[in-house]
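# Secondary and tertiary structure notes
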Amino acid sequence: MEANRGHGNDPKVGLFWYNADWNELFGVVSHPVRDYTKANASDGRITCSELHEDVWKKEYNRQKHHGDGSGPFIGPYENKPRGRIFYLPEQDRYEVAVGRWIDEYPQAKPLILEEFDLPADKTTFQYAIHWDIGHTWR
């Protein structure tokens, strides 16, 4: 959970992928909620500005050109379980946007809560088709 080093236990927004074979998150991008002063997403929510597609391309190229090219960034970014963390300031709660994959891998939930330092009592896992494996915004 190296991505959060130095941020203490502050809740974070961001994005991630889940590797079911290893039961771990990867490609994590996180930012403390306290770094944001206003909503930057739909419905008055706060999240990071990074996009899964862009992070994937960067990590894929890094993986391809360094070492032996092996690693989790293989194939299209949307073909791996993924999600995004939102903060809803008006309600003082967090939303983990995920696809139906979370029903198959419920063991990912505590990993997500821990990685992003999310309070379980203020966090809901919210389904949206965009986060289903194989789906994109396009």
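Quick note: structure is the one above.
Everything in this summary refers to the structure shown in the same document. (Residues numbered from 1 in each chain as written. Predicted model: local features only at pLDDT ≥ 70, side-chain atom pairs only at ≥ 80, totals over all residues. Heavy atoms only, no water.)

What follows deals with the sheet that holds strand 1 (residues 12–19). Reading across the sheet, the 5 strands line up as 2-1-3-4-5 and stay open at both edges, with mixed pairing between neighbours. Only two strands of the sheet have a single neighbouring strand rather than two, namely strand 2 (24–32) and strand 5 (123–127). Strand after strand, the sheet turns through a mean of 20° between neighbouring axes, direction not considered. In this sheet, strand 3 (residues 82–88) lies alongside strand 1 in antiparallel orientation, the contact comprising 4 bridges. Looking at the pairing, tryptophan 17 lines up with arginine 82 of strand 3. In the packing of helix 1 (residues 52–65) onto the sheet, contacts are made with strand 1, strand 2 and strand 3, and the angle to strand 1 comes to roughly 60°. (Pairing = 2+ DSSP bridges. Helix = DSSP H or I, 4+ residues; strand = E, 2+ residues; numbered from the N terminus. Axes fitted to C-alpha atoms, helices over the stretch in contact; angles between N-to-C directions. Contact = heavy atoms within 4.5 Å.)

The subject of this paragraph is unusual backbone geometry. The phi angle at aspartate 43 is positive, at roughly 60°, despite the residue not being glycine. Here aspartate 43 shows up in the loop between strand 2 and helix 1. Positive phi values are uncommon outside glycine, yet aspartate 92 reaches one of about 50°.

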